[in-house]
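# Residue-level structural notes
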Amino acid sequence: MVAAAGGATWQQRDLQVPAKGLIMTYHDPASYVRLDARTILRAVYGRPTANVRFYETWLLRSEDDGATWSFLTRAADPEKKRSFGETALARAANGDIVAMMRTEPALGSKMWTARSPDRGKTWSRAVETPLHGHPAHLLTLRDGTLLCTYGFRDEPIGIRAALSRDHGRTWLEKDIVSLRADGSGRPGDNGYPLTADLGDGTLVSVYYITRDGVTGVEATRWRNPWKTSPRR
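Next up on the list: unusual backbone geometry. Cis geometry is adopted by the peptide bond preceding Pro-135, which originates at His-134 and carries an omega value of -20°. You can see Pro-135 is positioned in the loop between β11 (127-128) and β12 (136-140). For the bond running from Glu-155 to Pro-156, omega is -5°, close enough to zero to count as cis. For His-167, which is not glycine, the phi dihedral falls at a positive 60°. On the secondary structure map, His-167 appears in the loop between β14 (158-164) and β15 (176-180). One non-glycine residue, Tyr-192, lies in positive phi territory at about 50°. Among the structural elements, Tyr-192 can be located in strand β16 (residues 190-197). The class for Tyr-192 is partly exposed, based on a relative accessible area of 26%.

Turning our attention to the pattern of salt bridges. One pass over the structure, following the stated rule, counts 14 salt bridges. As a salt-bridge pair, Glu-218 and Arg-211 come within 2.7 Å of each other at their nearest N and O atoms. By relative accessible area, which is 30% here, Arg-211 ends up partly exposed. Put simply, Arg-180, Asp-182, Arg-211 and Glu-218 are held in one network by salt bridges that share partners.

Quick look at the side chain of Arg-42 now. As for its position among the elements, Arg-42 is in strand β5 (residues 40-47). Overall, Arg-42 belongs to the buried group, its relative accessible area being 14%. Side-chain polar atoms of Arg-42 contact the backbone oxygen of Tyr-26, separated by 2.8 Å. There is a polar contact of 3.0 Å between the side chain of Arg-42 and the side chain of Ser-31.

Okay, the nonpolar core next. In this structure, Met-100, Met-111, Leu-131, Leu-138, Cys-148 and Trp-171 are the most contacted members of the largest nonpolar core, which totals 16 residues. Top element by residues in this core is strand β13 (residues 146-152). It accounts for three residues. Val-33, Phe-84, Trp-112 and Ala-114 belong to the second largest nonpolar core, which has 15 residues in total.

In this section: the environment of Arg-74. Relative to the helices and strands, Arg-74 is located in strand β7 (residues 70-75). Through-space distance from the C-alpha of Arg-74 to that of Met-24 is 14 Å; in sequence the pair is 50 residues apart. Those residues in contact with Arg-74 that sit more than four places away from it in its chain are Ala-43, Val-44, Thr-57, Trp-58, Leu-59, Thr-87, Leu-89, Ala-99, Met-101 and Trp-123.

This part covers the sheet that holds strand β18 (residues 214-223). Read from one edge to the other, the open sheet built from three strands follows the order β16-β17-β18, with strand pairing classed as antiparallel. Of all the strands in the sheet, the pair left with one neighbour each is β16 and β18. Ignoring strand direction, the axes of neighbouring strands in this sheet form an average angle of 20°. Bridge count between β16 and strand β17 (residues 202-211): six bridges; the pairing is antiparallel. Of the residues in β17, the one forming a bridge with Asn-190 is Ile-209.

Rules used in this analysis
- In this convention, every chain numbers its residues from 1, walking through the sequence in written order.
- Totals for whole chains, interfaces and linings use all residues, but because this is a predicted model, local features are given only for residues with pLDDT of at least 70 and pairs of side-chain atoms are given and counted only at 80 or more.
- Heavy atoms from the whole structure form the basis of all side-chain values; hydrogens and water molecules are not counted.
- Numbered from the N terminus, helices here are DSSP runs of H or I no shorter than four residues, and strands are runs of E no shorter than two.
- Whether a residue is buried, partly exposed or exposed follows from its accessible area with a 1.4 Å probe, protein chains only, as a fraction of its type maximum: under 20%, in between, or over 50%, in that order.
- The rule for a salt bridge is simple: a side-chain nitrogen of Lys or Arg has to be within 4 Å of a carboxyl oxygen of Asp or Glu.
- For the purposes of these results, a polar contact is taken to be a pair of N or O atoms within 3.5 Å, where, inside protein, one atom must be able to donate a hydrogen and its partner to accept one; residues adjacent in sequence count only when each atom of the pair is a side-chain atom.
- As used here, the term nonpolar core means buried Ala, Val, Leu, Ile, Met, Phe, Trp, Tyr and Cys residues forming a set that is joined through side-chain atoms within 4.5 Å.
- We call two residues in contact when some of their heavy atoms are within 4.5 Å.
- Here, strands pair whenever DSSP counts at least two bridges between them.
- Helix axes use the C-alpha atoms of the stretch in contact, all axes being lines fitted to C-alpha atoms, and the angles between their N-to-C directions lie in the range 0 to 180 degrees.

Following this line, the structure appears as structure tokens:
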């Protein structure tokens, strides 16, 4: 949908994309990046054909403020043994675009990442991270480091956060912290965090979580535990 007159009226616009078996979106604050007044990136994913079980991730990219879009493949397993699904995007402090991707099968899997040095036009090969869980939200902090918050769906069920000190190139296990570890219920009932940097060293992460059979939206207000500067 395209807004006009300050949002008073709307116009529906169909995007011309390659024929796929299934195309799905991920929630906007995590999968949408506006690079400037003209350039927009949006992560989507789905099945290349109806008879393929595993997902691929793609990128919609516009250089004319959404009037037209290109459609790029960001990550796909040619052997069809691993799905790349819900994908978070962020612009790192060095200008690279970083993608953190959910993988399937969910249990026992870790998220994978890819990066673009040219504003989303081309992407590196996807690599595995030590971050076990999904899905992710990426945020470049005011000190230039890159934060990933994500749901942890094995015991102890909860919300975790990790830091990259080199603009998303590497994620170290020592930099993983637990924000919540008191979830319960089936493993899928928690996650989808969004995190905001309040600018004074305080972060707020909002997510949903199930405890004692009740699922609700909750938040954790926390201090940056790393206190570090990014590597160049």
